Amino acid sequence: MSAVAAVTGNLGSVAYGLAAIGPGIGVGIIFGQGVQAIARQPELTNVIRQNMLLGFALTEALALIGFVVPFVHK
């Protein structure tokens, strides 16, 4: 039995695990840089927070797409 045949039942799980790496890193970068920006210019807190949440929503959408695609693509 080949190695690929042994993993076929879990390919959706493996694919989602790999797909979650990018959005996880992206969310960390968004909030890390957002906190630094607020610390540097506190008067722009509302604008920076709004942009952080928009970036977070778009990044999380990628994670959800990565969750659905392995199950749809058969």
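Computed from a prediction, not measured in an experiment: that's the story for all the values here.

Draft legend 1. Representation of the overall build of the protein within the structure. In terms of helices and strands, the protein carries four helices and zero strands. N-terminal to C-terminal, the α/β element order of the protein is α-α-α-α. Taken across its 74 residues, the protein has 18% of its residues classed as buried. As presented, the protein carries roughly 5600 Å² of accessible surface, and 70% of it is formed by carbon and sulfur atoms.

Draft legend 2. Inspection of a nonpolar patch on the surface at higher detail. A cluster of nonpolar side chains, namely Val14, Leu18, Ile21, Ile25 and Ile29, defines an oily patch on the protein surface of about 480 Å² accessible area. Elements that contribute at least two residues to the nonpolar patch include exactly helix H2 (11–19) and helix H3 (21–40). When residues in the nonpolar patch are grouped by element, the largest group, three residues, is from H3. Inspection of the secondary structure puts Val14 in helix H2.

Draft legend 3. Inspection of the environment of Leu18 at higher detail. For Leu18, the location among the structural elements is in helix H2. Since its relative accessible area comes to 58%, Leu18 is described here as exposed. When the C-alpha atoms of Leu18 and Gly66 are compared, they prove to be 8.6 Å apart, with 48 residues separating the residues in sequence.

Draft legend 4. Structural view of the UniProt feature "transmembrane region" (unreviewed entry) in the protein. UniProt tags residues 14–32 and 53–72 as "transmembrane region" (unreviewed entry). Regarding residues 14–32, the helix share stands at 95% and the strand share at 0%, and the terminal C-alpha atoms are separated by 28 Å.

Cut-offs used in this document
- Residues numbered from 1 in each chain as written.
- Predicted model: local features only at pLDDT ≥ 70, side-chain atom pairs only at ≥ 80, totals over all residues.
- Heavy atoms only, no water.
- Helix = DSSP H or I, 4+ residues; strand = E, 2+ residues; numbered from the N terminus.
- Buried < 20%, exposed > 50% of the residue type's maximum accessible area, 1.4 Å probe, protein only.
- Areas by Shrake-Rupley, 256 points an atom, 1.4 Å probe, with all protein chains shown as cover.
- Patch = residues over 30% accessible without salt bridge, like charges linked within 9 Å, V, L, I, M, F, W, Y side chains within 5 Å.
- Salt bridge = Lys/Arg side-chain N within 4 Å of Asp/Glu carboxyl O.
- UniProt positions renumbered as here; feature names shortened; annotations may be inferred.

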